[in-house]
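Topology and contacts: notes
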Amino acid sequence: MRFWDASAIVPLLLEQPSSARARRILAEDSEVVAWWGTPVECASAFARLRREAALSEAEERNLSDRLEELRMAWWEMTPGDQLRTQALRVLRLHPLRASDA
């Protein structure tokens, strides 16, 4: 089981320089954990690419649909006291940023 954020999820759905590595990691361990905001971050990336004319509206919709399929298969971390306590603990133990904790 591995924690995935948008920087790893987006390359699974959209070809990028890190896509091959992301696919390889997913093949090694298909249990994905993501935080509740990951779909929002991914949607933000897709919308930015559409605004920059790197994606069409249809491509953005397709990516959103594929993201939803992937989301249905992952474990989602929701906010709460227990999660906050755990995040604070791992920040003291590891050199992480807040969103990574």
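This one's a predicted model, so the numbers in the text were calculated from it and none came from an experiment.

Parameters at a glance
Residues numbered from 1 in each chain as written. Predicted model: local features only at pLDDT ≥ 70, side-chain atom pairs only at ≥ 80, totals over all residues. Heavy atoms only, no water. Helix = DSSP H or I, 4+ residues; strand = E, 2+ residues; numbered from the N terminus. Buried < 20%, exposed > 50% of the residue type's maximum accessible area, 1.4 Å probe, protein only. Contact = heavy atoms within 4.5 Å. Lys, Arg positive; Asp, Glu negative; His and termini not counted. Charge placed at Lys NZ, Arg CZ, Asp CG, Glu CD. Pairing = 2+ DSSP bridges.

Regarding its fold elements, the protein presents five helices and three strands. In sequence order, the protein lays out its α and β elements as β-α-α-β-α-α-β-α. Relative to its full complement of 101 residues, the protein shows a buried share of 30%. Sequence-distant contacts in the protein: of pairs separated by 6 or more residues, those separated by 24 or more amount to 63%. Once the 14 positive and 16 negative side-chain charges of the protein are each reduced to a mean point, those two points are 5 Å apart.

Relative to the assigned elements, R71 resides in helix 4 (residues 57-73). Accessibility expressed as a relative area gives 23% for R71, which makes it partly exposed.

On to the sheet that holds strand 3 (residues 75-77). Pairing is parallel in the open sheet, where three strands are placed in the order 1-2-3. Among the strands making up the open sheet, the edge pair consists of strand 1 (2-3) and strand 3. Pairing of strand 2 (residues 32-35) with strand 3, which is carried by three bridges, proceeds in the parallel orientation. Within the sheet, the bridge partner assigned to W35 lies in strand 3 and is M77.

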